[in-house]
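Chain by chain, the residues run as shown.
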Amino acid sequence: IKGPGGDMKALSDGESPSEAHLRGEELEFSDRVVKVSVSHGFLIVVTQKACYVYKCGTFNLHHKFELGAGAVTLLLQAKDVFLLASNVKGVQIFSTDGQLRCTPRAPGLAHPRFL
């Protein structure tokens, strides 16, 4: 997956053989894309204002939710959940269905240098 340089607002298919299943797909967003992760059958795209979860293969929108205040500084993906860290909300763990699962709290956990 690759996007244009600078303010990325679209994702399109790549040229490598491992990305051949994406050929011809393009996703456009109204806000700048800040984080992207592809793993465990899901594509997760974080823009300045929202988080989009797509199922790989069809690339139909699976779930979308608004992020609110704070810039996302980290996106990590596991089998059925993913983690978002921001400078305002700290660490949040969501299911691939877009549901907030938990918000771990610990001193300094919200600081990107500790993650």
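None of the values given here were measured: they were computed from a predicted structure.

**What about the overall build of the protein?**
A count of helical and extended segments in the protein gives zero helices and ten strands. Tracing the protein from N to C terminus, the helices and strands come up as β-β-β-β-β-β-β-β-β-β. In the protein, buried positions account for 35% of the 115 residues. Restricting the contact set of the protein to residue pairs at least 6 apart, pairs at least 24 apart contribute 23%. In the form shown here, the protein has an accessible surface area of approximately 6,600 Å², with 51% of it arising from carbon and sulfur atoms.

**Digging into the pattern of salt bridges**
Following the criterion strictly, the structure yields one salt bridge and no others. Note that Glu 66 is salt-bridged to Lys 64, the shortest N-O span being 3.6 Å.

**Some words on the packing of aromatic side chains**
According to the stated counting rule, one finds six aromatic pairs in the structure shown. Clustering of aromatic rings is evident, with ring pairs tying together Phe 29, Tyr 52 and Tyr 54.

**Side note on the confidence of the model for the protein**
Of all residues in the protein, 71% attain a pLDDT of 70 or more, and the chain-wide mean is 80. Note on residues 1–5: pLDDT is under 50 here. Beyond four places in sequence and across chains, it has 15 contacts. Contacts from residues 15–22, a stretch scored under 50 in pLDDT, to residues over four places away or in other chains number eight contacts.

**A word on the nonpolar core**
In terms of nonpolar packing, the biggest core is built from twelve residues, these being Phe 42, Ile 44, Val 46, Cys 51, Val 53, Phe 65, Leu 67, Val 72, Leu 75, Phe 82, Leu 84 and Phe 94. Looking at this core, the elements with two or more residues in it are strand S4 (42–47), strand S5 (50–55), strand S7 (72–77) and strand S8 (81–86). Of the residues forming this core, the biggest block, three residues, is contributed by S4. Beyond its immediate stretch of four places on either side in the chain, Ile 44 contacts Lys 35, Val 36, Ser 37, Cys 51, Tyr 52, Val 53, Leu 75, Gln 77 and Phe 82. Within the second largest apolar cluster, nine residues are counted, among which are Val 33, Ala 50, Tyr 54 and Phe 59.

**Focus: the side chain of Thr 96**
Take Thr 96: it is sitting in the loop between strand S9 (90–95) and strand S10 (100–102). The residues touching Thr 96, leaving out its near neighbours within four places in the chain, are Phe 42, Val 53, His 62, His 63, Asp 80, Val 81 and Phe 82.

The rules behind these values
- Residues numbered from 1 in each chain as written.
- Predicted model: local features only at pLDDT ≥ 70, side-chain atom pairs only at ≥ 80, totals over all residues.
- Heavy atoms only, no water.
- Helix = DSSP H or I, 4+ residues; strand = E, 2+ residues; numbered from the N terminus.
- Buried < 20%, exposed > 50% of the residue type's maximum accessible area, 1.4 Å probe, protein only.
- Contact = heavy atoms within 4.5 Å.
- Areas by Shrake-Rupley, 256 points an atom, 1.4 Å probe, with all protein chains shown as cover.
- Salt bridge = Lys/Arg side-chain N within 4 Å of Asp/Glu carboxyl O.
- Phe/Tyr/Trp six-rings, centres within 6.5 Å; stacked < 30°, edge-to-face > 60°.
- pLDDT = per-residue confidence, 0-100.
- Core = buried A, V, L, I, M, F, W, Y, C linked by side-chain atoms within 4.5 Å.

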